[in-house]
Amino acid sequence: MGTQPRSTVRYAASTLLAALTLTGCSPSTPPSAAGTETPAASPSSPAQICTSLVSYWAKETLLGTKWSGLDWEQKGLSNDQYAIHEEAVAAGRTEERTAGRDKALELIDRLVAQRCAEQGGATWSSENWRPPT
């Protein structure tokens with residue numbers, strides 16, 4: 001009962017390592033049955049993207065969250081989207097004083113959706129930024 005030659009030990013270790021690597025890379029869950037996969041989402045229109053982006057940041061600003069103080073570029077807004085944002089925040093603050101926070105958040109969603117649709121997404125260039133008039 002001596003020790004095995006080093007080459008046998010190395011071979012066994014290499015085989016074990018390869019087996020562990022291969023089983024570690026296999027899926028841990030079985031593939032889903034045919035026909036049960038979720039269809040890919042259809043691309044969003046510029047107006048939908050604008051609405052989602054601007055509404056999110058307007059509500060964050062109204063709520064005064066940690067990231068609400070980012071500037072328009074950090075939020076990913078164009079000049080026109082920033083103008084919609086500022087209009088929505090002002091309207092939301094007024095609504096919050098008279099009807100409460102929930103109504104203010106609803107107003108922001110409606111107003112932003114309307115303005116983004118009117119402006120086709122308001123995705124024009126952000127070069128030469130200017131404050132909204």
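Residues numbered from 1 in each chain as written. Predicted model: local features only at pLDDT ≥ 70, side-chain atom pairs only at ≥ 80, totals over all residues. Heavy atoms only, no water.

Q: Would you mind showing me how to read the nonpolar core here?
A: Across soluble globular proteins, nonpolar side chains show a tendency to be buried alongside one another. The biggest cluster of nonpolar side chains holds 18 residues, and the ones touching the most others in it are C50, V54, L77, I84, A88, I108 and V112. Elements with a contribution of two residues or more to this core: α2 (46–63), α3 (79–99) and α4 (101–118). Per-element accounting of this core gives the leading share, six residues, to α4. (Core = buried A, V, L, I, M, F, W, Y, C linked by side-chain atoms within 4.5 Å. Buried < 20%, exposed > 50% of the residue type's maximum accessible area, 1.4 Å probe, protein only. Helix = DSSP H or I, 4+ residues; strand = E, 2+ residues; numbered from the N terminus.)

Q: Just to check I follow, could you spell out the packing of α3 against α4 for this structure?
A: Any two packed helices are characterised by the angle at which their axes cross and by the distance between the axes. Across the interface, α3 lies against α4 with an axial gap of 8 Å and an inter-helix angle of 150°. The pairing of α3 with α4 is recorded here as roughly antiparallel in orientation. Seen along the crossing, α3 lies across α4 with a hand that is right-handed. Here I84, E87, A88, A91, G92, E95, E96 and A99 of α3 come into contact with α4, specifically with R101, K103, A104, L107, I108, L111, V112, R115 and C116. Per-class residue counts for the contact of α3 with α4 are ten nonpolar, one polar and six charged. (Axes fitted to C-alpha atoms, helices over the stretch in contact; angles between N-to-C directions. Parallel < 35°, antiparallel > 145°, perpendicular 65-115°, else oblique. Left-handed = near helix turned anticlockwise from the far one by under 90°. Contact = heavy atoms within 4.5 Å. Nonpolar A, V, L, I, M, F, W, Y, C, P; charged D, E, K, R; others polar.)

Q: What am I meant to see in the confidence of the model for the protein here?
A: If pLDDT is low for a region, its predicted coordinates should not be looked at in detail. Summary statistics for the protein give a mean pLDDT of 78 and a share of 61% for residues scoring 70 or more. Taken element by element, the protein is modelled with least confidence in helix α1 (residues 6–24), mean pLDDT 53, and with most confidence in α4, mean pLDDT 96. (pLDDT = per-residue confidence, 0-100.)

Q: Can you help me understand the side chain of Q81 in this one?
A: Topologically, Q81 is positioned in helix α3. Within the structure, the side chain of Q81 is placed 3.1 Å from the backbone oxygen of G121, a separation counted as a polar contact. Those residues within four positions of Q81 in sequence are excluded, and the remaining contacts are C50, L53, V54, G76, G121, A122 and T123. (Polar contact = N/O pair within 3.5 Å; in protein donor to acceptor, adjacent residues only side chain to side chain.)

Q: Just checking my understanding: could you explain α4 for this structure?
A: Every α-helix carries 3.6 residues per turn, so stepping three or four residues along brings you back to the same face. A rise of 1.5 Å per residue sets the reference length of α4, with its 18 residues, at 26 Å; its end C-alpha atoms lie 26 Å apart and thus fit the reference within 8%. Looking only at α4, the buried set comprises A104, L105, L107, I108, L111, V112 and C116. Viewed end-on, α4 has its buried residues packed into an arc of 155°, placing them on one side of the element. Seen from the open side of α4, the exposed residues pointing more than 90 degrees away from its buried face are D102, R110, A117 and E118. Elements in contact with the buried residues of α4: α2 and α3. Within two residues after α4, G120 carries a phi angle of roughly 60°, on the positive side. (Expected span 1.5 Å × (residues − 1). Arc of directions from axis to C-beta.)

Q: How do you make sense of the environment of Q48 when you look at a structure like this?
A: The topology assignment puts Q48 in helix α2. For Q48, a relative accessible area of 48% corresponds to the partly exposed category. Between the C-alpha atoms of Q48 and A117, which are 69 residues apart in sequence, the distance is 7.9 Å.

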